Amino acid sequence: MTIPISCPYTCGELFQGTIDGIPCLVSCPITIYSTALPTPGQPQPPLPSKARRALDCLPAAAQLPMHLHQRLPPGRGYGTSTADIGSTLFAAAHWANIPLDPIEASRLAVRIEPTDSSLLPGLTLFDHRQGALVEHLGAPPPVAIVILDPGVTVDSEAFNEQDWTDALRKIASLHQQAFDLLKDGILRQDIDAVGEAASLSATAHQEILLNPWLEHALVLARQVKASGVCRAHSGSILGILFPKNTFDHQSVTRYIQKHLPTQVQLRVTEITGGGPVVESTALQIEDETQ
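Computed from a prediction, not measured in an experiment: that's the story for all the values here. (Residues numbered from 1 in each chain as written. Predicted model: local features only at pLDDT ≥ 70, side-chain atom pairs only at ≥ 80, totals over all residues. Heavy atoms only, no water.)

Considering the packing of helix H6 (residues 172-188) against helix H7 (residues 191-204)
Here comes step 1: Two elements in contact, H6 and H7, have axes separated by 8 Å at closest approach and are oriented at 160°. With respect to their mutual orientation, H6 and H7 come out roughly antiparallel. The interaxial crossing formed by H6 with H7 has left-handed handedness. Taking contact as the criterion, the partners of Leu174, Gln177, Ala178, Leu181, Leu182, Gly185, Ile186 and Arg188 in H6 are, on H7, Ala193, Val194, Glu196, Ala197, Leu200, Ser201 and Ala204.
Here comes step 2: Its residues assigned to classes, the contact of H6 with H7 comprises 10 nonpolar, three polar and two charged. (Axes fitted to C-alpha atoms, helices over the stretch in contact; angles between N-to-C directions. Helix = DSSP H or I, 4+ residues; strand = E, 2+ residues; numbered from the N terminus. Parallel < 35°, antiparallel > 145°, perpendicular 65-115°, else oblique. Left-handed = near helix turned anticlockwise from the far one by under 90°. Contact = heavy atoms within 4.5 Å. Nonpolar A, V, L, I, M, F, W, Y, C, P; charged D, E, K, R; others polar.)

So this is what it looks like as structure tokens:
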């Protein structure tokens, strides 16, 4: 059966670092999606190389023509490759009647590249390099996000090829502190704790990849009474986090716009759980402000 299946993009990560010496992350999935639709019997449209490699992971669907609807640019921290690979895998598996659960899909994706935890349900700690560690933390609390996108790309493949062992070891205690706070915040659905954990992880990561906009984002977050800031740990985007039920969209975005250079684009969205969804339920609530 041919149906479109979507996987969420991310606003970077709520946490990334090492736990007990294992590099791992908790992605920040958002309600903007990459969608894959099998098109059997039609010419194969161009596919990104990683989505093509995803099809090769399923021999029964390796030659299946697939249309991929991509909504966000690569190289900035939106988890576009993971979303493309995941939506392609899930759509192809559904078409070929191959059982494929999110953990298996994530481990197939890891064969292609380091993978976000956004293919797994809820919010999940994931060993993004090996796929051996999976810890489901729970459903996301109701969080609105104002994404700051300066339009700067980061070569995530080159970043992930570097050996960060020594740098990560130096800030391991900060990673443990940030993760413990995040885990507890998700369990209690405490948005301020989630925001504090994300801010701590984002700040600690400055030792590894400097984001020149982070300090400015943290100041803005305090000024607009946000819960915290998340970041792409191998990209350039940042997210200012708010309790959804008290988020004043117009006044907040107006204030942030006023205090940012014009080249920084804002996107307003929400945190969602990871994993595949049928496109009809993947309601895109993105609001772009130039």
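Now, onward.
Quick look at the pattern of salt bridges
Pairing between side chains of opposite charge can happen when their charged atoms approach one another.
Here comes step 1: If you walk through the whole model with that rule in mind, you get eight salt bridges.
Here comes step 2: One salt bridge connects Arg188 with Asp184, and the closest N-O pair in it is separated by 2.7 Å. Highlighted residues: Arg188 and Asp184, both in helix H6, separated by four residues, approximately one helical turn.
Here comes step 3: Among the salt bridges present, the one from Glu270 reaches Lys244, with a minimum N-O distance of 3.2 Å. Residue Glu270 is found in strand S9 (residues 265-270), and its partner Lys244 is found in the loop between strand S8 (238-243) and helix H9 (249-258); the two are separated by 26 residues along the sequence.
Here comes step 4: The class for Lys244 is partly exposed, based on a relative accessible area of 41%.
Here comes step 5: Sharing partners across several salt bridges, the network here consists of Arg76, Asp149 and Arg267. (Salt bridge = Lys/Arg side-chain N within 4 Å of Asp/Glu carboxyl O. Buried < 20%, exposed > 50% of the residue type's maximum accessible area, 1.4 Å probe, protein only.)

Observations concerning the packing of aromatic side chains
Here comes step 1: Inspection of every chain in the model, using the stated rule, returns three aromatic pairs.
Here comes step 2: On the numbers, 5.6 Å between centres and 50° between planes, the contact of Phe15 with Phe179 is tilted. Of this pair, Phe15 sits in strand S1 (residues 5-19) while Phe179 sits in helix H6; the two residues are 164 residues apart in sequence, bridging distant segments of the chain.
Here comes step 3: According to the relative accessible area criterion, Phe179 is buried, its value standing at 4%.
Here comes step 4: Taken together, a centroid distance of 4.9 Å and an interplanar angle of 40° make the contact between Phe242 and Phe247 tilted.
Here comes step 5: With a relative accessible area of 4%, Phe242 lands in the buried category.
Here comes step 6: The class of Phe247 is buried, set by a relative accessible area of 16%. (Phe/Tyr/Trp six-rings, centres within 6.5 Å; stacked < 30°, edge-to-face > 60°.)

Taken by themselves, the reported measurements are silent on function.
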